[in-house]
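# An overview of the molecular structure
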Amino acid sequence: MNRYVVDGIVADLRAGKTIGLMGITRMATRNTFDAVADAIPDYELSRVYRANGYEQIDHAAGGSLRLLATSTSKIPSLGLTTLVIADWHHLDIALVENLVDTIRRVGGIDVVRL
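The following refers to the structure shown. (Residues numbered from 1 in each chain as written. Predicted model: local features only at pLDDT ≥ 70, side-chain atom pairs only at ≥ 80, totals over all residues. Heavy atoms only, no water.)

### A word on the side chain of Ser64
Going by this rule: Secondary structure counts use DSSP, requiring at least four H or I residues in a row for a helix and at least two E residues in a row for a strand, with both numbered from the N terminus. Residue contacts are defined here by distance: any two heavy atoms, one from each residue, within 4.5 Å place the two residues in contact.
Locating Ser64 in the fold gives a position in strand E4 (residues 64–68). With near-sequence residues (within four places) excluded, Ser64 lies in contact with Leu13, Lys17, Thr18, Ile19, Gln56, Ile57 and Asp58.

### Digging into the pattern of salt bridges
Spelled out, the test is: Basic side-chain nitrogens of Lys or Arg form a salt bridge, by our definition, when they fall within 4 Å of a carboxyl oxygen of Asp or Glu. Throughout this description, buried means an accessible area under 20% of the type-specific maximum (1.4 Å probe, protein chains only), exposed means over 50%, and partly exposed covers the range between.
Tallied over the full model, the rule gives five salt bridges. A salt bridge links Lys17 to Asp12; its shortest N-O distance comes to 3.9 Å. The residue Glu55 makes a salt bridge to Arg30 at a minimum N-O spacing of 3.2 Å. Here Glu55 is found in strand E3 (residues 54–59), whereas its partner Arg30 is found in helix H2 (residues 26–39), with 25 residues between them in sequence. Here Glu55 falls in the buried class, since its relative accessible area comes to 2%. Take Arg30: its relative accessible area is 24%, and that puts it in the partly exposed class. One network of salt bridges, with partners in common, ties together Arg30, Asp34, Arg50 and Glu55.

### Observations regarding the environment of Arg66
Mapped onto the elements of the fold, Arg66 is located in strand E4. Considering only alpha carbons, one finds Arg66 and Ile19, 47 residues apart in sequence, at a separation of 6.3 Å.

Right, dumping it as C-alpha cells:
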C-alpha cells in the first residue's frame, strides 16, 4: 500500500474528519486499517476498536476511521467526510459507480479510490 495514503488518512484524522474505509476483500481493508493504526502515536489515539465486524479508530482530535462493508446502504447517513475504497479495482464497477453517485447526491463526501 502507498504510504501517502496512510499519511493522508492520518492527516484527515488529525483534522477531525470522519473517514469510512471499505474494500471487497476484508484482508486489504484490514491491512489499510492496521497500517493507519500503526502510524498514529499512542498519545494521539482516543480508542482503537478491533472487534470483528466493528473496527474503528478514534483520534484525540475528534476524527474517526471506520471499516465498512461494501453491502452497507447507510453510508450517506454515517456523517462521513471521506470514503476510502481500498481495493476498488476488485469491486463490481457498477456497484462502485452507484455508490459514488449516491454519495455525491448527498454531498460533502470525498471519495478516494486506492
